[in-house]
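Notes for the structure review
So the chains spell out like this:
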Amino acid sequence: MDEKRVLITGAAGFLGSHLCDRFVKEGFHVIAMDNLITGDLRNIEHLFKLENFEFYHHDVSKFVHVSGELHYILHFASPASPIDYLKIPIQTLKVGSLGTHNLLGLAKDKNARIIIASTSEVYGDPTVHPQPEEYYGNVNTVGPRGVYDEAKRFQEAITMAYHTFHGLETRIVRIFNTYGPRMRLNDGRVLPAFIGQALRGEDLTIFGDGSQTRSFCYVDDLIEGIYRLLMSDYALPMNIGNPNEISIRDFAEEIVKLTGTTQKIVYKDLPKDDPKQRQPDITKAKQLLGWEPKVSRADGLKITYEYFKSLPHEVLYQRDHKNFDDYMR
Ligand code: UDP
């Protein structure tokens, strides 16, 4: 039997579900795992009928057992929006630390190659711009984002330790802001927030004066970058993201044009430690993987808007969280 077997954690989430699709398409046997705290089975229910797909409802912060062979592990389980990790800080810390430890142990046991999902948040509120992989970051350990940022920094450290000490085949992808279908409409992130507000006929909320920047990557581009990194022989962290940077104010204007909303843009307090600027330096990904993003923001936003419009009405009004302000104070 030469079918390769891959374990994907966080499989019901935004990125995890797209990875499941990709690996199924590549002919892998996909073992999907999720504890469904922030994931949604609707993202992968179309895969349940396939023979080369199986799903386990499990929290990887607890011991992970997979029977049989395993060739690859993709660890993508984690809350990943600022509201989520403010609401469930301990789980966020545990899945990045204990969960990663469990999966590294599993990878060692199975002699599997493992890629872990790190983040541009390891750079914190960066003082170097754009951010190359060599930049060590500027993180407030005890601020609201500390639980996520430090979990991810620990995750990178333990992954490198398994690589150097045990000779494990490891990959570390630092993911920058990514968007596309299957993002949760109410996770508080700026893109679903703006589109959701436009669809509900509410004002668009900019935090701070909107001069802070982000660089948004369309999900298909990101998945291609991750796939190439996994199949490469590069063990140090690698940025994958779209360097096309935009201020949040200009981004709000783009959403106004895209959706045709006639609502106002209103300004709210900037959350603590909100990074002022973010843009990946993707020189390494270009050189070593021959990868760069292909989907323009205009095209990606159109597809994403169509997806959000197609969601059932109740999803649009479903509140995952009481109120953003409750969690930021
Ligand atoms: N933001 C905003 N309005 C919102 C939600 C977010 O202006 O309704 C801002 C947020 O303060 C940040 C940027 O948009 O500066 C991106 O936020 P997001 O939560 O999407 O991701 P981050 O990159 O901060 O993790």
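Within each chain, residues carry numbers counting from 1 in the order of the written sequence. pLDDT decides what is reported in this predicted model: residues at 70 or higher carry local features, side-chain atom pairs at 80 or more are listed and counted, and totals for whole chains, interfaces and linings draw on all residues regardless. The side-chain numbers reported here are obtained from all heavy atoms of the structure, hydrogens and water having been left aside.

**Some thoughts on the site of the ligand**
Nearness is defined per residue: one heavy atom within 4 Å of the molecule or strand is enough. Surrounding the ligand, one finds 18 residues, the nearest of these being Thr 205, Phe 207, Arg 214, Asp 274 and Arg 278. Separating an oxygen atom of the ligand from a side-chain N or O atom of Arg 145 is a distance of 2.9 Å. Against a free-state accessible area of 520 Å², the protein chains account for coverage of 96% of the ligand. For the shell around the ligand, the elements supplying multiple residues, two or more each, are helix H5 (190-200) and strand S8 (204-207). Grouping the constituent residues of the shell around the ligand by class yields eight nonpolar, four polar and six charged. Definition of a polar contact: a pair of N or O atoms within 3.5 Å, with one able to donate and the other able to accept a hydrogen when the atoms are protein atoms, and with sequence-neighbouring residues admitted only if both atoms are side-chain atoms. Under the convention used here, a 1.4 Å probe and the Shrake-Rupley method define accessible areas, while residue burial counts only the protein chains that appear. Helix numbers and strand numbers start at the N terminus; a helix is a DSSP run of H or I with at least 4 residues, a strand a run of E with at least 2. Each residue gets one of three labels, nonpolar for Ala, Val, Leu, Ile, Met, Phe, Trp, Tyr, Cys and Pro, charged for Asp, Glu, Lys and Arg, and polar for the others, Gly among them.

**Some remarks on helix H1 (residues 14-25)**
In this analysis, the expected span of each helix is defined as 1.5 Å times one less than the number of residues it contains. With 12 residues, H1 should cover 16 Å at 1.5 Å per step; its first-to-last C-alpha distance of 17 Å lies within 8% of that length. Each residue is assigned to one of three classes by its accessible area relative to the maximum for its type, calculated with a 1.4 Å probe on protein chains only: buried under 20%, partly exposed between the two thresholds, exposed over 50%. Among the 12 residues that make up H1, 10 are buried, leaving the element largely enclosed by the rest of the structure. The positive-phi residue at the C-terminal boundary of H1 is Gly 27, with phi of around 90 degrees.

**Observations concerning the side chain of Gln 155**
Of note, Gln 155 is situated in helix H4 (residues 146-166). At 3.0 Å, the side chain of Gln 155 and the side chain of Thr 100 are in polar contact. It only takes one pair of heavy atoms within 4.5 Å for two residues to be counted as in contact. The contacts of Gln 155, once residues within four sequence positions are left out, are His 75, Gly 96, Thr 100, Ile 116, Ala 117 and Ser 118.

**A closer look at the packing of H5 against helix H9 (residues 297-310)**
Packed helix pairs are specified by the crossing angle of their axes together with the interaxial distance, meaning the distance between the axes. Direction vectors running N to C along H5 and H9 enclose 55 degrees, while the axes themselves pass 11 Å from each other. In terms of orientation, H5 and H9 fall into the oblique class. The interaxial crossing formed by H5 with H9 has right-handed handedness. Contacts between H5 and H9 pair Leu 191, Pro 192, Ile 195 and Leu 199 from the former with Leu 301, Thr 304, Tyr 305, Phe 308 and Lys 309 from the latter. Note on method: axes are straight lines fitted to C-alpha atoms, helices fitted across the in-contact stretch only, with angles between N-to-C directions ranging 0 to 180 degrees. Our angle categories are set so that under 35 degrees counts as roughly parallel, over 145 as roughly antiparallel, 65 to 115 as roughly perpendicular, and the remainder as oblique. In this scheme the crossing of two helices becomes right-handed for a clockwise turn of the near helix relative to the far one and left-handed for an anticlockwise turn of less than a right angle.

**Some thoughts on the pattern of salt bridges**
A pair is scored as a salt bridge if a Lys or Arg side-chain nitrogen falls within 4 Å of a carboxyl oxygen belonging to Asp or Glu. The tally for this structure, following the rule as stated, stands at 24 salt bridges. Among the ionic pairs, Arg 22 bridges to Glu 26, the shortest N-O distance being 2.8 Å. With a relative accessible area of 37%, Glu 26 lands in the partly exposed category. A salt bridge links Arg 113 to Glu 169; the shortest N-O distance between them is 2.7 Å. Placement of the pair is Arg 113 in strand S5 (residues 113-119) and Glu 169 in the loop between H4 and strand S6 (170-175), with a sequence separation of 56 residues. Looking at Arg 113, the relative accessible area reads 16%, which means it is buried.

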